[in-house]
Amino acid sequence: MAVPVNSKDALLQNMNAGDYFPISYEELEERAQTVMSAGAFGYVRSGAGGEETLRSNRTDFQKHSIVPRVLTDVSSINTSITLFEKQYDHPFLLAPVGMLKLAHEDADLAVAQAAARYGIPFVQSTVSSYSIEEVAEVSSLSPKWFQLYWSNNRSVSFHMAERAEKAGFEAIVLTVDTVMLGWREEDLRNRFSPLKLGYGKANYESDQVFLQSLPDESEESIIQGILNNIHHPSLNWEDVAELKKRTKLPILLKGILHPKDAKLAVENGIDGIIVSNHGGRQLDGIISAISALPAIAEIVNKQIPVLFDSGIRRGADVVKAIALGADAVCIGRPFVYALAAGGQKGVEKLLENLIQETKVSISLAGASSIAGLSSVKLVQTT
């Protein structure tokens, strides 16, 4: 649906607000650091290894420059997108981020309700701080997807997908780049493991199939069971095919960077893919997500939706990613920092600003819709 662009209102609202809330990503990160523990902040902020990929996710974005058009009618902007026959008002989703109690006690409940206010899909993590059912209860009418970490016990994976479907979630996002944990030096320095501390246990301790696989239901057994299940080096296309048989929901694969894997996804009947390097948190020294996007978009050729994750910070980033072939983008660390800085209201403020900045960016690029961004020219600099 096209809406009038009124960036002046958004700017004035921010200027006249009584309590200043951080606007830029850098300010949000600084504020979050002051309220989170060193271990919790380090876990969210850091990347794998020497953080080369974490940095390149941003520096490679900056190598793409928009060449705007002028004298086009941008008095009304249509930012809506359609994914799996459902229309959403804005071209972004909230990416799956686990263990959100690291940032705020209300965690997933706060984020889901903030996303619901704007009709933005919230992708809940398997290792969330509240269960599938608890999130569904506070945001029953809003769009939600469920991110699935594969379990060594496949029955647990199938049952979690079943729970999500019963709870009204609209899609399953299977993460495929976490067959084992990346080498995360910040966590090693801080000697910090939120999984071991129980921040991500909610979906497991409420899952009867998982609990039945344990010797008992003590806290120690639950945590050890999670650690035994969360990494899955044997995950393969046959597992994905079996998952497809077990759910009616669309299945997206998150963590695709190679065009050949994107091609295989299409050939194996996958419903969508998310181009992502896990925010630079898995294998260091790999291609940035934005550099991987064009070749994947080309080979997929609109046969299935291509979403983008890893590095989105501003409205101009949304324009660039969609111009390079993404159908929608996922926001990660920014909303975690906003959650830490202001709880549900903080996430709502972040989304309000991002919505307005994205509309302004689309307009000033010379487009009037998300579809029109495919015609926006980008030039690449070194």
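Structure report, in brief. Keep in mind the model is a prediction, meaning the values are calculated, not measured.

This paragraph deals with the overall build of the protein chain. A tally of regular secondary structure across the protein chain gives 16 helices and 14 strands. If one aligns the C-alpha atoms of the protein chain with their principal axes, the spans along those axes are about 70 × 50 × 40 Å. Taken across its 382 residues, the protein chain has 57% of its residues classed as buried. Looking at the protein chain alone, contacts between residues at least 24 apart form 74% of all its contacts between residues at least 6 apart.

Mapped onto the elements of the fold, L264 is located in helix α13 (residues 259-267). When its relative accessible area of 32% is taken as the criterion, L264 is described as partly exposed. Between the C-alpha atoms of L264 and V300, which are 36 residues apart in sequence, the distance is 9.8 Å.

This part takes up the packing of aromatic side chains. Going through the model one piece at a time under the given rule, you end up with seven aromatic pairs. Taken together, a centroid distance of 5.8 Å and an interplanar angle of 85° make the contact between F61 and F308 edge-to-face. Separated by 247 residues along the polypeptide, F61 in the loop between α4 (52-59) and β2 (64-67) and F308 in strand β12 (residues 306-308) bring together distant segments of the chain. Looking at F308, the relative accessible area reads 0%, which means it is buried. Residues F146 and F169 carry aromatic rings whose centres are separated by 6.3 Å and whose planes lie at 90° to one another, so their mutual orientation is edge-to-face. Within this pair, whereas F146 is found in strand β8 (residues 144-148), its partner F169 is found in the loop between α7 (154-166) and β9 (172-175), the two being separated by 23 residues in sequence. Overall, the relative accessible area of 0% leaves F146 in the buried class. The rings of Y25, F41 and Y337 are connected pair by pair, giving a single aromatic cluster.

Turning our eyes to something else, we now look at the pairing of β8. By the criterion of burial, β8 is predominantly enclosed, with five of the five residues buried. Burial along β8 is two-sided: K144, F146 and L148 and W145 and Q147, pointing in opposite directions, are all buried. Where strand β7 (residues 122-124) meets β8, three bridges bridge the pair, whose relative direction is parallel. Bridging from a neighbouring strand, F122 pairs with K144 of β8. What joins β7 to β8 is helix α6 (residues 132-138), and the crossover it makes is right-handed. Judged from the three bridges that link them, β8 and β9 form a sheet pairing that is parallel.

To continue, consider helix α12 (residues 237-246). Note: α-helices contain 3.6 residues per turn, so residues at a spacing of three or four share the same orientation. The complete set of buried residues in α12 reads D239, V240, E242 and L243. The arc that holds every buried residue of α12, seen down its axis, measures 160°, which confines them to one face. Opposite the packed face of α12, turned more than 90 degrees from it, sit the exposed residues E238 and K245. Elements that come into contact with the buried residues of α12 comprise β8, α7, β9 and β10 (251-256). Taking the backbone nitrogen of E238 as reference, a side-chain oxygen 2.8 Å away marks N236 as the first, capping residue of α12.

This part covers unusual backbone geometry. The phi dihedral of A107 falls on the positive side, at around 45°, and the residue is not glycine. Residue position: A107 is located in helix α5 (residues 107-117). Since its relative accessible area comes to 0%, A107 is described here as buried. Its identity is not glycine, yet K302 carries a phi of approximately 65°, on the positive side. Tracing the backbone through its elements, the reader meets K302 in the loop between α14 (289-300) and β12.

Counting residues in hydrophobic clusters, the biggest one holds 118 residues, and the most contacted among them are W145 and F308. No other element matches helix α16 (residues 333-365), which puts 14 residues into this core.

Thresholds, definitions, all that
- Residues numbered from 1 in each chain as written.
- Predicted model: local features only at pLDDT ≥ 70, side-chain atom pairs only at ≥ 80, totals over all residues.
- Heavy atoms only, no water.
- Helix = DSSP H or I, 4+ residues; strand = E, 2+ residues; numbered from the N terminus.
- Buried < 20%, exposed > 50% of the residue type's maximum accessible area, 1.4 Å probe, protein only.
- Contact = heavy atoms within 4.5 Å.
- Phe/Tyr/Trp six-rings, centres within 6.5 Å; stacked < 30°, edge-to-face > 60°.
- Pairing = 2+ DSSP bridges.
- Right-handed = clockwise from strand over helix to strand, strands pointing away.
- Arc of directions from axis to C-beta.
- Polar contact = N/O pair within 3.5 Å; in protein donor to acceptor, adjacent residues only side chain to side chain.
- Core = buried A, V, L, I, M, F, W, Y, C linked by side-chain atoms within 4.5 Å.

Just distances and angles here, no functional claims.
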